[in-house]
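Results of the structural survey
These are the residues of each chain, in order.
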Amino acid sequence: MTVSTVATTPTDRRELRRVAFATVIGTTIEWYDFFLYASAAGLVFSALFFEPAGSAVGTLLAFATVGISFLFRPLGAFLAGHFGDKIGRKAVLVVTLMLMGGATTLIGLLPTYQQIGILAPILLVLLRILQGLSTGGEWGGAVLMAVEHAPDGRRGRMGAFPQIGVPIGLLLASGVLALMTGVVSPGDAFVEWGWRIPFLLSVVLIVVGIVVRRTVEESPVFVEIAEKKSAARTPVTTLFRQHWLLVLLAALTFAGNNAAGYMTTGGYLQNYATTPLDEGGLVGMDRTPVLLAVAGASVVWLVCTYAAGVVSDRIGRRNTYIIGWLAFLGTVFLLFPLVNTGDPWLLFLGVSLFAVGNGFTYGQQAAYFAELFPASIRYSGVSITYAIGAILGGAFAPTIAAWLVQTTGSATSVAFYIAGMMVVAFAATLLLRDRTGIPLGPEHEAEQVASPVYGLPRA
């Protein structure tokens, strides 16, 4: 493991705090919007937008709209990666934030199927596609702003800040929905109008996010690239021509985390636990305690995500991943039995245990991906790899899980499906070298290009 001893560009503590805050705020807003949609899809979108299909098929269609957006993440990643490598990280991040927030707000204003018929689900899918484009470009820019500003020995810690924006987004989405279902608009009122309020709140969050992000300086690595005029002419072409195997393996490491994580963040668990027994449900819990349990477990996820970033600076990204995969495999078959009890506290326990593995295969990912790719194509590399991993892992995980339960009548099949994805991701992790501490600046491009894949030449 090579560790550099000099930071690429000196950055004062005030700027580091500003970068950390800006990346947390930005990813929190992005993922609040994203998880809000996924949770609403599991709770009410079947009845509101796919009513003629019936409860079972409507649920599958609602979850399919969650997956459709993933198919457009690579396009967002291609565009953001190209412009992020050519014109900088900062400008692209402001655009992605505005795109996500605008789409989310418009979803809150959409008429339902009863009001405008088939046009309602069509508009819903179009807005979901815009969310997918935004998400595809957001993550790569946020993590590079954090990691490329970081001093040596703290990349994992700094890279964990945009990562913890994800569980914070889940916490906010679940918390606001719980407030609406339990206090502001309980029962039928939530279905009639209450679900719209959390989507409309995105306008406020977007203004805050843009103001904060505009105060952050451009990534020092990109500034150096611009000064040296060393940006790749066609970053995406270079990426796939020279690093396709790296992209595939790194995407598979994320696919395992994503498939598992989307059992909760993709709205599936919320739907599984709250579907009434007379509609084919297996648990039949009220919405509010389920949402509160998921919100509470997201705090555990947050803590473990940050801890993984910190730990990875000490023991390496790869070793931290191994801890996470073992934690995941040790709890995957406990999750659904605990949920099936119908006890909110046991549901919270099950999701919290699951969150440990989720955090320890996610917190280090920002630094891990940034250290895998050369400076000249890094934005394209991390964004596209992330997008492909999301398609392979989480895109249709809730839909697959719903189909498995409807087919087998048991959630055990879902546990085996998730475990299989984890094993594939674990194997991909073992095939990649640990590059913790490798210099990130463009003057070290030759070292960065050396293959991080076992079995291939290092240079």
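The rules behind these values
- Residues numbered from 1 in each chain as written.
- Predicted model: local features only at pLDDT ≥ 70, side-chain atom pairs only at ≥ 80, totals over all residues.
- Heavy atoms only, no water.
- Salt bridge = Lys/Arg side-chain N within 4 Å of Asp/Glu carboxyl O.
- Helix = DSSP H or I, 4+ residues; strand = E, 2+ residues; numbered from the N terminus.
- Buried < 20%, exposed > 50% of the residue type's maximum accessible area, 1.4 Å probe, protein only.
- Core = buried A, V, L, I, M, F, W, Y, C linked by side-chain atoms within 4.5 Å.
- pLDDT = per-residue confidence, 0-100.
- Contact = heavy atoms within 4.5 Å.
- Phe/Tyr/Trp six-rings, centres within 6.5 Å; stacked < 30°, edge-to-face > 60°.
- Expected span 1.5 Å × (residues − 1).

**Some words on the pattern of salt bridges**
- Following the criterion strictly, the structure yields five salt bridges and no others.
- Note that glutamate 371 and arginine 155 form a salt bridge whose closest N and O atoms lie 2.9 Å from each other. Remark: arginine 155 occurs in helix H7 (residues 155–184) and glutamate 371 occurs in helix H18 (residues 365–372); sequence separation between them is 216 residues. The same class applies to glutamate 371 as to arginine 155, namely buried.
- Aspartate 313 is paired through a salt bridge with arginine 317; the nearest N and O atoms lie 2.9 Å apart.
- Salt bridges here are not isolated pairs; linked through shared partners, they connect Asp152, Arg155, Asp313, Arg317 and Glu371.

**Focus: the nonpolar core**
- In this structure, Phe35, Phe45, Phe49, Trp195, Tyr268, Phe369 and Ile418 are the most contacted members of the largest nonpolar core, which totals 117 residues.
- Among the elements that line this core, the one with the most residues is helix H1 (residues 13–49), at 13 residues.
- In this structure, Val94, Leu97, Ile206 and Ile210 belong to the second largest nonpolar core, which totals six residues.

**Brief notes about the confidence of the model for the protein**
- Looking at the protein as a whole, its pLDDT mean stands at 84, while 89% of the residues score no less than 70.
- Across the protein, element-level confidence peaks in helix H15 (residues 317–331) with a mean pLDDT of 95 and bottoms out in helix H11 (residues 220–228) with 62.
- Segment residues 1–11: pLDDT under 50, and 24 contacts once partners within four positions in sequence are set aside and those in other chains are kept.

**A word on the side chain of threonine 399**
- Mapping threonine 399 onto the fold places it in helix H20 (residues 397–408).
- Those residues within four positions of threonine 399 in sequence are excluded, and the remaining contacts are Leu60, Phe63 and Ala64.

**Points about the packing of aromatic side chains**
- For the coordinates displayed, the defined rule picks out 21 aromatic pairs.
- Plain terms: the ring middles of tryptophan 195 and phenylalanine 199 are 5.8 Å apart, the flat faces sit at 80° to each other, and that makes the pair edge-to-face.
- Under the relative-accessibility criterion, phenylalanine 199 is labelled buried at 0%.
- On the basis of an interplanar angle of 65° and a centroid distance of 6.5 Å, the ring pair of tyrosine 268 and phenylalanine 336 is categorised as edge-to-face. Of this pair, tyrosine 268 sits in helix H13 (residues 268–274) while phenylalanine 336 sits in helix H16 (residues 335–339), and the two are 68 residues apart along the sequence.
- One aromatic cluster is present, built from ring pairs that chain together Tyr321, Trp325, Phe328, Phe354, Tyr368 and Phe369.

**Details of the environment of glycine 117**
- Along the polypeptide, glycine 117 turns up in the loop between helix H5 (113–116) and helix H6 (119–149).
- Spatially, the C-alpha atom of glycine 117 lies 9.5 Å from that of phenylalanine 50, the residues being 67 residues apart in sequence.

**Quick look at helix H2 (residues 55–71)**
- End to end, H2 covers 25 Å across 17 residues, agreeing with the expected 24 Å (1.5 Å per residue, within 8%).
- Burial in H2 covers these residues: Gly58, Thr59, Ala62, Phe63, Thr65, Val66, Gly67, Ser69 and Phe70.

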